[in-house]
Amino acid sequence: MPIGIGIGHGADLRPGATRSLRFFGPEGVHAGALWLAATVPVLGTLLLLARLAS
């Protein structure tokens, strides 16, 4: 399930103008992707420290 990241839709349009939904990015980020992005550098650092300690 995506998590909202609060990007919004930009500036208000003039009255009567329509906004194309075709060019909007996603409204959120997958929670698993956030965990993976946070875990990989930590795991890499731990592996590097273990390698240097031995």
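Residues numbered from 1 in each chain as written. Predicted model: local features only at pLDDT ≥ 70, side-chain atom pairs only at ≥ 80, totals over all residues. Heavy atoms only, no water.

## Some words on the overall build of the protein
No. 1: Helix and strand counts for the protein come out as one helix and two strands.
No. 2: Along the protein, helices and strands appear, N-terminal first, in the series β-β-α.
No. 3: Counting only carbon and sulfur atoms, one obtains 69% of the accessible surface of the protein, whose full area is about 5,100 Å². (Helix = DSSP H or I, 4+ residues; strand = E, 2+ residues; numbered from the N terminus. Areas by Shrake-Rupley, 256 points an atom, 1.4 Å probe, with all protein chains shown as cover.)

## Thoughts on the confidence of the model for the protein
No. 1: Confidence along the protein averages 76 in pLDDT terms, with 56% of residues attaining 70 or more.
No. 2: Of all secondary-structure elements in the protein, the lowest mean pLDDT belongs to strand 1 (residues 2-4), at 57, while helix 1 (residues 31-53) reaches the highest, 93. (pLDDT = per-residue confidence, 0-100.)

## Some words on a nonpolar patch on the surface
No. 1: A surface patch of nonpolar side chains, about 510 Å² in accessible area, is lined by Val-42, Leu-46, Leu-48, Leu-49 and Leu-52.
No. 2: On the secondary structure map, Leu-49 appears in helix 1. (Patch = residues over 30% accessible without salt bridge, like charges linked within 9 Å, V, L, I, M, F, W, Y side chains within 5 Å. Salt bridge = Lys/Arg side-chain N within 4 Å of Asp/Glu carboxyl O.)

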